[in-house]
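# Structural description and commentary
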Amino acid sequence: MLLIVFLVSAFIFSLTSGRFFLVDHPQPADVIVVLAGETDQRPRRALELLAQGYAHQVILDVPAEAKVFGISTHQIAQDYVSQLPQRESVSICPIFGLSTKTEAPDSGRCLAKAGAHKVLLVTSDYHTRRALSTFQHELPQYQFSIAAAHDPRQFGIPWWGQRQWAKLNLDEWLRLVWWALVDRWR
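Read on for an overview of the structure. The residue count restarts for each chain, going from 1 along the sequence in the order it is written. Two thresholds apply to this predicted model, a pLDDT of at least 70 for residue-level local features and 80 or more for giving and counting side-chain atom pairs, whereas whole-chain, interface and lining totals are computed over all residues. As a convention, hydrogens and water are excluded, and side-chain values are obtained from all of the structure's heavy atoms.

## Quick notes on unusual backbone geometry
Condition: Every helix listed is a DSSP run of H or I at least four residues long, and every strand listed is a run of E at least two residues long, numbered separately from the N terminus. Exposure classes here rest on a 1.4 Å probe applied to the protein chains alone. A residue is buried below 20% of its type maximum, exposed above 50%, and partly exposed in between.
Non-glycine residue Phe69 carries a positive phi angle of around 50 degrees. Position of Phe69 among the secondary structure elements: in the loop between strand S3 (67–68) and strand S4 (71–72). In this structure Phe69 comes out as exposed when scored by relative accessible area, which is 85%.

## So, a nonpolar patch on the surface
Worth spelling out the cut-off: Patches here: salt-bridge-free residues with over 30% relative accessible area, like charges joined within 9 Å, nonpolar side chains (Val, Leu, Ile, Met, Phe, Trp, Tyr) joined within 5 Å. For accessible areas, the Shrake-Rupley method is used with a probe of radius 1.4 Å. Any residue's cover is judged against the shown protein chains and nothing else. Just to be clear on terms, a salt bridge is a Lys or Arg side-chain nitrogen sitting within 4 Å of an Asp or Glu carboxyl oxygen.
A contiguous nonpolar patch, built from Val68, Phe69, Ile71 and Ile76 and spanning about 430 Å² of accessible area, is present on the exposed surface. Examined against the element boundaries, Ile76 turns out to sit in helix H3 (residues 73–82).

## Quick look at the sheet that holds strand S5 (residues 90–95)
Here is the rule: What makes two strands pair is DSSP finding at least two bridges between them. Here an angle of 0 to 180 degrees is reported between the N-to-C directions of two axes, which are lines fitted to C-alpha atoms, with helices fitted over the stretch in contact. A contact between two residues is defined here by any heavy atoms of the two lying within 4.5 Å.
Ordered by their spatial adjacency, five strands build an open sheet running S5-S2-S1-S6-S7, and the pairing between neighbours is parallel. The sheet terminates laterally at S5 and strand S7 (143–149), the two strands that pair on one side only. Neighbour-to-neighbour, the strand axes of this sheet turn through a mean angle of 25 degrees, independent of strand direction. Where strand S6 (residues 118–124) lies against S7, seven bridges are found, and the strand directions are parallel. Across the sheet, Leu120 pairs through a bridge with Ser145, a residue of S7. Here helix H4 (residues 100–114) sits on the sheet and contacts strand S1 (31–34), strand S2 (58–63), S5 and S6; the angle it forms with S5, its principal contact strand, is near 140 degrees.

## Remarks on helix H6 (residues 163–181)
Since there are 3.6 residues in each turn of an α-helix, residues three or four apart along the chain are aligned in direction. This is how it is decided: A helix's residues, less one, multiplied by 1.5 Å, set its expected span. The arc in question is formed by the directions pointing from the helix axis toward the C-beta atoms.
Helix length check: H6, at 19 residues, gives a terminal C-alpha distance of 27 Å against a target of 27 Å (1.5 Å per residue), a fit within 8%. Within H6 the residues assigned to the buried category are Trp165, Leu168, Asn169, Glu172, Trp173, Leu176 and Trp179. Each buried residue of H6 sits inside an arc of 140 degrees when the element is viewed along its axis, so together they form one side. Exposed residues lying more than 90 degrees from the buried face of H6 are Arg163, Leu170, Leu174 and Leu181.

## Brief notes about the packing of helix H5 (residues 128–138) against H6
The cut-off we apply is this: An angle below 35 degrees is treated as roughly parallel, one above 145 as roughly antiparallel, one from 65 to 115 as roughly perpendicular, and anything else as oblique. By convention, the crossing between two helices is left-handed when the near helix turns anticlockwise from the far helix through less than a right angle, and right-handed when the turn is clockwise.
Across the interface, H5 lies against H6 with an axial gap of 10 Å and an inter-helix angle of 20 degrees. Classified by the angle their axes make, H5 and H6 are roughly parallel. Where H5 crosses over H6, the handedness of that crossing is left-handed. Together, Arg130, Ser133, Thr134, His137 and Glu138 of H5 and Glu172, Arg175, Leu176 and Trp179 of H6 make up the contact between the two elements.

Now the structure itself:
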């Protein structure tokens, strides 16, 4: 009987686990921060939120030392920003950390320069719960809200529907558990 209860509980949990990751509650802020990582949907979502008046400034977190085919991601980001109609409202924040936990203090330096207090984070939908928790823990002096950038090629709530979604679901669970049990306490 205990095994059946466990299996039914595991089945129900697995069906809803994709929805558990998603936190999408943008609030008006001083600045919108696009977390490093995905470079198409996240910036697009941030620019939508900028146009809707959620903030008057966007900061793009960009890996400072990464290169793509010999070109620094910082240079690629600068070229991207220079072509935007909203270029005066978008700046780049160099990120040296390779995880959400190490990205937070790098972002914090840029937030301090911007004089921000309320921050709207933008990240991929599957990453929202962990990113919000991490930034709230690492930078408690700021008030955070979060917006999800959806990319159906990467993730969907019914994660079992595609191989990529299933891999990402498992990976995000591992990262979330690691954050909750290990990284949060370091």
